[in-house]
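Chain residues, written in single-letter form:
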Amino acid sequence: MKHIIEGKPAKPAAAIATSAVRFVEVDAEFAGQRLDNFLIRQLKGVPKTHVYRIIRSGEVRVNKGRASADTRVEAGDLVRVPPVRISDKVAEKADRPAPPREFPALLEDDFLIAIDKPAGVAVHGGSGVSFGVIEQLRQARPTAKFLELVHRLDRETSGILLVAKRRSALVALQDQFRERETGKTYLALVTGTWPANKKVIDAPLHKYLQEDGERRVRTTTADDPDGMRSITLVKVRSTHAPRPMQGLPAMSLLEVTIKTGRTHQIRVHLASQGHAIVGDDKYGDFDLNKRLKKQGLKRMFLHAWRLQFNHPSSHERIELRAELPPELGDFLKSEPNPPHV
């Protein structure tokens, strides 16, 4: 039985000063975490480069001894956290923490939260984004000892996102993702009529940087030493006729299951077959995207619809579904005589 639990906003936590030496005892929930990740949580707002610098210098001690960034802390360890100097800009940012926000919960218990993430919200801060889901959730739940992302979704992708509430749950769930024991299925609307007999895409992916520093991914050959094997399964859910009056081509709504979790895997795999996801601003048809916006579709049509995994405590097989958000469902319904979806 699955319970739907709506979270309630809470007051934001107060900023923690880092102007004096602190000795922090490691809680059981953080046992097994790398020292660098432990410190990053303790020194909110401090650049990661600075965190690594104080570890290398020996200013950080674990049980009075020097330790490296990859040292695993254990429950009861005493970690010396030195005072840190941060720039006025970083200090100002720390004084303006992420606004607290709760997100619709598909499932919540003592071990995890399954969130229905809206499009346009990053899962975490970085790369020009001040904050994301995890920072906002931590601000909304200041008494929560442990909240960590289990996996990621692209900023413009909506749907199911797992957050662990205990370190044991984080490790168990991430092991399942790594060992491909989860079932991850997305709904994607693509250009053209997808051939029904095209059910498997098995093409390695290669990550690279453009001249402007923007990260991109492309398909490559099996003999590419930098290529990572990537497998995507495709099932046609419905086909949609062209809308010549609006300048829109035929489109196909696909159920896409990924067997590997590579960066931009679905977007690149589908585009490589000549059927890019509509609204995709990196790998899609840019002229078509402009026409789509006039018809009400202002985002990429990619949604993490279904997720299957074993519960980290009970080991029960869980299946969660997040139906299409209104902005996607309404676009499908807006066509003349739309098919049943």
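Everything below is about the structure printed above this text.
Definitions and limits used
- Every chain begins its residue count from 1, and numbering advances along the sequence as written.
- In keeping with the predicted nature of the model, local features appear solely for residues at pLDDT of at least 70, side-chain atom pairs appear and are counted solely at 80 or more, and the whole-chain, interface and lining totals rest on all residues.
- Each side-chain value is derived from all of the structure's non-hydrogen atoms; neither hydrogens nor water enter the calculation.
- By definition, any uninterrupted DSSP run of H or I lasting at least four residues is a helix, any uninterrupted run of E lasting at least two residues is a strand, and each is numbered from the N terminus.
- By the convention used here, residues are in contact when the closest approach between their heavy atoms is within 4.5 Å.
- For each residue, the accessible area found with a 1.4 Å probe, counting protein chains only, is set against the maximum for its type, and the residue is called buried under 20%, exposed over 50%, and partly exposed in between.
- Every axis in this analysis is a line fitted to C-alpha atoms, fitted for helices over the stretch in contact. Angles between the N-to-C directions lie between 0 and 180 degrees.
- For classification purposes, an angle smaller than 35 degrees is called roughly parallel, one larger than 145 roughly antiparallel, one from 65 to 115 roughly perpendicular, and anything else oblique.
- The handedness criterion is simple: a crossing whose near helix is rotated anticlockwise from the far helix by less than a right angle is left-handed, and one whose near helix is rotated clockwise is right-handed.
- Residue polarity follows a fixed list, in which Ala, Val, Leu, Ile, Met, Phe, Trp, Tyr, Cys and Pro are nonpolar, Asp, Glu, Lys and Arg are charged, and the others, Gly among them, are polar.
- In this description, a nonpolar core means a group of buried Ala, Val, Leu, Ile, Met, Phe, Trp, Tyr and Cys residues linked to one another through side-chain atoms lying within 4.5 Å.
- Using a 1 Å grid laid over the protein atoms alone, points where a 1.4 Å probe fits but cannot get out form a cavity; open sets with protein on both sides within 12 Å along at least 5 of 7 lines form a pocket; any residue with an atom within 4 Å of a point counts as lining.
- Grid points are joined across faces, edges and corners, and a volume is the space filled by probe spheres set on the points.

(A) Spatial organisation of the environment of Arg 216. Tracing the sequence through the fold places Arg 216 in strand β12 (residues 215-219). Counting along the chain gives 52 residues from Arg 216 to Val 268, while the straight-line C-alpha distance between them is 9.3 Å. Excluding residues that lie within four positions of it along the chain, Arg 216 makes contacts with His 206, Lys 207, Tyr 208, Gln 210, Lys 282 and Tyr 283.

(B) Unusual backbone geometry, seen in detail. A positive phi angle, near 55°, is found at Asn 63, a position not held by glycine. Tracing the sequence through the fold places Asn 63 in the loop between β2 (61-62) and β3 (65-66). Positive phi outside glycine occurs at His 315, with the angle close to 65°. Positionally, His 315 belongs in the loop between β15 (302-310) and β16 (317-321). On the accessibility criterion, His 315 (59% relative accessible area) is exposed.

(C) Quick peek at the environment of Ala 276. Structurally, Ala 276 can be placed in the loop between α6 (265-272) and α7 (286-294). With 87 residues separating them along the chain, Ala 276 and Leu 189 place their C-alpha atoms 8.4 Å apart. Setting aside residues no more than four positions away along its own chain, Ala 276 makes contact with Leu 189, Val 190, Thr 191, Leu 270, Ala 271, Tyr 283 and Gly 284.

(D) How the structure looks around helix α1 (residues 35-42). Among the residues of α1, those classed as buried are Leu 35, Asp 36, Phe 38, Leu 39 and Arg 41. Looking at the buried side of α1, the elements it contacts are β1 (22-25), α2 (48-56), β2, β4 (78-81), α4 (133-140) and β7 (148-149).

(E) View of the packing of α1 against α2. For the pair α1 and α2, interaxial distance at closest approach is 10 Å and the crossing angle is 125°. Looking at the two axes, α1 sits oblique to α2. Of the two possible hands of crossing, α1 and α2 adopt the one that is right-handed. Seen from α1, the contacting residues are Leu 35, Asp 36, Leu 39 and Ile 40; seen from α2, they are Lys 48, Val 51, Tyr 52 and Ile 55. Grouping the constituent residues of the contact of α1 with α2 by class yields six nonpolar, no polar and two charged.

(F) Just the nonpolar core, in detail. In terms of nonpolar packing, the biggest core is built from 45 residues, with Leu 270, Ile 277 and Phe 301 touching the most fellow members. Look past the residues within four positions of Phe 301 in its chain and what remains in contact with it is Leu 187, Ala 188, Leu 189, Leu 253, Ile 277, Val 278, Leu 324, Leu 328, Phe 331 and Leu 332. One finds Ala 67, Val 79, Phe 111 and Leu 320 within the second-largest nonpolar core, a separate group that totals 38 residues.

(G) Here's a closer look at empty space enclosed by the protein. Scanning all chains against the criterion turns up one cavity of 30 Å³ or more. Space inside the largest cavity adds up to approximately 60 Å³. Contributing to the lining of the largest cavity are His 151, Leu 153, Ile 160, Lys 184, Thr 185, Tyr 186, Ala 304, Trp 305, Arg 306 and Leu 307. Every element with two or more residues in the lining of the largest cavity is listed here: β9 (183-191) and β15. If one sorts the elements of the lining of the largest cavity by residue count, β15 sits on top with four residues. Its residues assigned to classes, the lining of the largest cavity comprises six nonpolar, two polar and two charged.

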